[in-house]
Amino acid sequence: MREAAMTAGEIEDLLRREFPQAFYDGCGLSLERVHYADVRVRRAYHEDHLRPGGTISGPTMMELADFAMYVAVFSAVGPQPLAVTTNLTINFLRKPAAGDLIADAKLMKVGKRLAVGEVKIYSEGEAEPVAHVTSTYSIPNNSQ
């Protein structure tokens, strides 16, 4: 297994520096595991994430999936804050519990310009995923 291009601490430092409006102490997002192209992140529960019916909203799950993929890209290619989502498709599988969400992201292919991966989102303590996501990230060309 290849070594991650960045550690969890290095990724957190990068996120705090590049996205202070979105990643800060108390924002609810955290990194739990960082391996090469394989990460686990968490979205802490907050009642603001609920939609009518008492379920966590789709946009909250989409944000978590995109965040997980961004972290996975850093784990594989290093500090590339200008990497951007070019595609994200989400399938909502079951109603998530009103609690923390956990996302496991794995990159299936890492090329020079694109990274393709999948994310499975779980309600904490549940074995079955509540959503399945496929996503592609564009990696900037540093030679230009």
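Here the structure is a predicted model, which is why all the values come from computation and not from measurement.

1. Thoughts on the nonpolar core
Formed by 40 residues in total, the largest nonpolar core has its most connected members in Leu15, Leu31, Val71, Val119 and Ile121. At the level of secondary structure, the elements contributing two or more residues to this core comprise α1 (8-18), β1 (29-35), β2 (38-43), α2 (58-77), β6 (101-110), β7 (114-123) and β8 (131-138). Beyond its immediate chain neighbours, meaning those up to four positions away, Val119 contacts Ala65, Ala68, Met69, Ala103, Asp104, Ala105, Ala131, His132 and Val133.

2. Focus on the layout of surface pockets
The space that makes up the largest pocket amounts to roughly 220 Å³. In this structure, the largest pocket is lined by Leu15, Phe19, Ala22, Phe23, Leu29, Glu63, Asp66, Phe67, Tyr70, Ala83 and Tyr137. With four residues, the single largest contributor to the lining of the largest pocket is α2. Counted by class, the lining of the largest pocket contains nine nonpolar, no polar and two charged residues.

3. Topic: the packing of α1 against α2
With their axes 10 Å apart at the nearest point, α1 and α2 run at an angle of 120° to one another. It follows that α1 is oblique to α2 by the angle criterion. Where α1 crosses over α2, the two elements pack in a sense that is right-handed. In this structure, α1 uses Ile11, Leu14 and Leu15 to contact α2, whose residues at the interface are Phe67, Tyr70, Val71, Phe74 and Ser75. Across the contact of α1 with α2, the residue classes tally to seven nonpolar, one polar and no charged.

4. A word on the pattern of salt bridges
A side chain with one charge may pair with a side chain of the opposite charge, provided their charged atoms come close. For the coordinates displayed, the defined rule picks out eleven salt bridges. Residue Asp13 pairs with Arg16 through a salt bridge whose shortest N-O separation is 3.7 Å. Remark: Arg16 and Asp13 occur in helix α1; sequence separation between them is three residues, near one turn of the helix. Overall, the relative accessible area of 35% leaves Arg16 in the partly exposed class. In this structure, Glu63 and Arg43 form a salt bridge, with 2.9 Å as the shortest nitrogen-oxygen distance. Of this pair, Glu63 sits in helix α2 while Arg43 sits in strand β2; the two residues are 20 residues apart in sequence, bridging distant segments of the chain. Taken together, the shared-partner salt bridges in this structure form one network comprising Arg33, Asp38, Arg40, Asp104 and Lys106.

Here is what the cut-offs are and how they apply
- Residues numbered from 1 in each chain as written.
- Predicted model: local features only at pLDDT ≥ 70, side-chain atom pairs only at ≥ 80, totals over all residues.
- Heavy atoms only, no water.
- Core = buried A, V, L, I, M, F, W, Y, C linked by side-chain atoms within 4.5 Å.
- Buried < 20%, exposed > 50% of the residue type's maximum accessible area, 1.4 Å probe, protein only.
- Helix = DSSP H or I, 4+ residues; strand = E, 2+ residues; numbered from the N terminus.
- Contact = heavy atoms within 4.5 Å.
- 1 Å grid on protein atoms, 1.4 Å probe; cavity = no way out; pocket = protein on both sides within 12 Å on 5 of 7 lines; lining within 4 Å.
- Points joined across faces, edges and corners; volume = space filled by probe spheres on them.
- Nonpolar A, V, L, I, M, F, W, Y, C, P; charged D, E, K, R; others polar.
- Axes fitted to C-alpha atoms, helices over the stretch in contact; angles between N-to-C directions.
- Parallel < 35°, antiparallel > 145°, perpendicular 65-115°, else oblique.
- Left-handed = near helix turned anticlockwise from the far one by under 90°.
- Salt bridge = Lys/Arg side-chain N within 4 Å of Asp/Glu carboxyl O.

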